[in-house]
Each structure stands twice: as C-alpha cells, then as structure tokens.
Amino acid sequence: MLTEQALLGLTDARVSAAVQLVWREARLLDGKRYEEWDRLWAPDSHYVIPIDPETEDFEAGLNMVYDDDRMRRMRIERLVSGYSISVAAAARTVRTVSSFVVLRSQDEAIELSSAQVLVGHRREETFVLGADLTHRIVFDGGEPRIARKVIRLLNSQEAVSATGFLL
C-alpha cells in the first residue's frame, strides 16, 4: 500500500527530475546509445543485477552483474566494439518503466522504486523480461545522476539466457 508521503513525493520537482532521468535512461538503452547512457552515471556508481531477489548486500551476494564505473565502461566497450558475439545478434528492445514510488528523499539524493517490462526481439523470437528497479539518483550541481541501479529480475533465480544488452 502506498503511503500518502510516497504519493506526495511524486509532485516534488527533484522527484520529477529523477523520474525523467529514469525514462531517459530507458530510451537511451533501447536506442543502444550506451556511451550517452554512461554519461548519466555519477562517479563511484554501481549497476547491479542480483540473483537473490531479497538481498541488500550486493558485495557479499551472488550477482549476474555487479559493475562499478570501470566494469560498466568495459561492458559498454564490448557492446559498441562489434567484436562480441552477443552484440552481433543484439536484440531490439522496448522498455516500459512505471509504478514509481519514492523510497527515500534526502537533500542530496532520491531513491525510487519502479517496475520495468522489457520486450525484446532477436532472431525471429520475441521475449519479455520483468523486473523491479531501484534507482538512487544524486543531484550533482543540480544535475541528476544515477548513483546506483538495482535490477531485480522476476526470474533471477532461474536460468537467464545471455541478453546481449543492458537492462
């Protein structure tokens, strides 16, 4: 159940900026504009896809992805280089991100949860991935940046085929 505080937070200008950043991120990822996507991130940020849907200890837990700045940029380099097999047959994707709830609002950061449905198409096959997202958005000089993104795939504890794209 949403609290009145969570609903009121959605009218805050900083929350609105954070939601717009998440939507922009989805558009950039669907457009495979990975280098532009990388500029949305704050220094010392993390991109995480945990296997355990309940974990909060990402460093000690098992993750499909646990990227800091360096690893995220290496992943982007692989995706844009054209030398990776997964890139050669990369799926076309369309994301819908909705159901935003403000989890925390501080002077320097806002934490949002949302739901993502990703529809992809690759090699004459269409697939759907669902995930709960958590974004920690920081405001660096007024410009919102992603400090942490956690993607909790609905099927994270099952075999997940290689995606060849970022979630």
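Our structure's up above, just so we're on the same page.
What you see is a predicted model; the values in this text were computed from it and never measured.

Student: Could you give an account of the side chain of Arg95, naming the residues involved and the relevant values?
Tutor: Position of Arg95 relative to the elements: it lies in strand S3 (residues 92–105). A relative accessible area of 8% means that Arg95 is categorised as buried. At 3.0 Å, the side chain of Arg95 and the side chain of Thr93 are in polar contact.

Student: Tell me about the environment of Asp67, and name the residues and values.
Tutor: Considering the arrangement of structural elements, one finds Asp67 in strand S2 (residues 63–67). Once the C-alpha coordinates of Asp67 and Ser45 are considered, the two residues, 22 residues apart in sequence, prove to be 8.3 Å apart. Look past the residues within four positions of Asp67 in its chain and what remains in contact with it is Ser45, His46, Tyr47, Arg72 and Arg75. A distance of 2.6 Å separates polar atoms of two side chains, one belonging to Asp67 and the other to Arg75.

Student: Can you lay out the pairing of S3 for me, pointing to particular residues and giving the numbers?
Tutor: Bridging between S3 and strand S4 (residues 109–122) involves 11 bridges; their strand directions are antiparallel. If you follow Val94 over to S4, its bridge partner there is Val119. The hairpin turn running from S3 into S4, its antiparallel successor, is 3 residues long.

Calculation criteria
- In this numbering scheme, every chain counts its residues from 1 along its sequence in written order.
- In view of the model being predicted, local features appear only for residues whose pLDDT reaches at least 70, and side-chain atom pairs are presented and counted only at 80 or more, with totals across whole chains, interfaces and linings using the full set of residues.
- Side-chain figures throughout are based on the complete set of non-hydrogen atoms in the structure, without hydrogens or water.
- In this description a helix means any DSSP run of H or I spanning at least four residues, a strand means any run of E spanning at least two, and both kinds are numbered starting from the N terminus.
- Note on classification: 1.4 Å probe, protein chains only; a residue is buried when its accessible area is under 20% of the maximum for its type, exposed when over 50%, partly exposed between these limits.
- We call two N or O atoms a polar contact when they sit within 3.5 Å, provided that within protein one can donate a hydrogen and the other can accept it, with sequence-adjacent residues counted only if both atoms are side-chain atoms.
- Whether two residues are in contact is decided by their heavy atoms: any pair within 4.5 Å suffices.
- Strands were regarded as paired on the criterion that DSSP finds at least two bridges between them.

Such coordinate-based values are descriptive only and should not be taken to indicate function.
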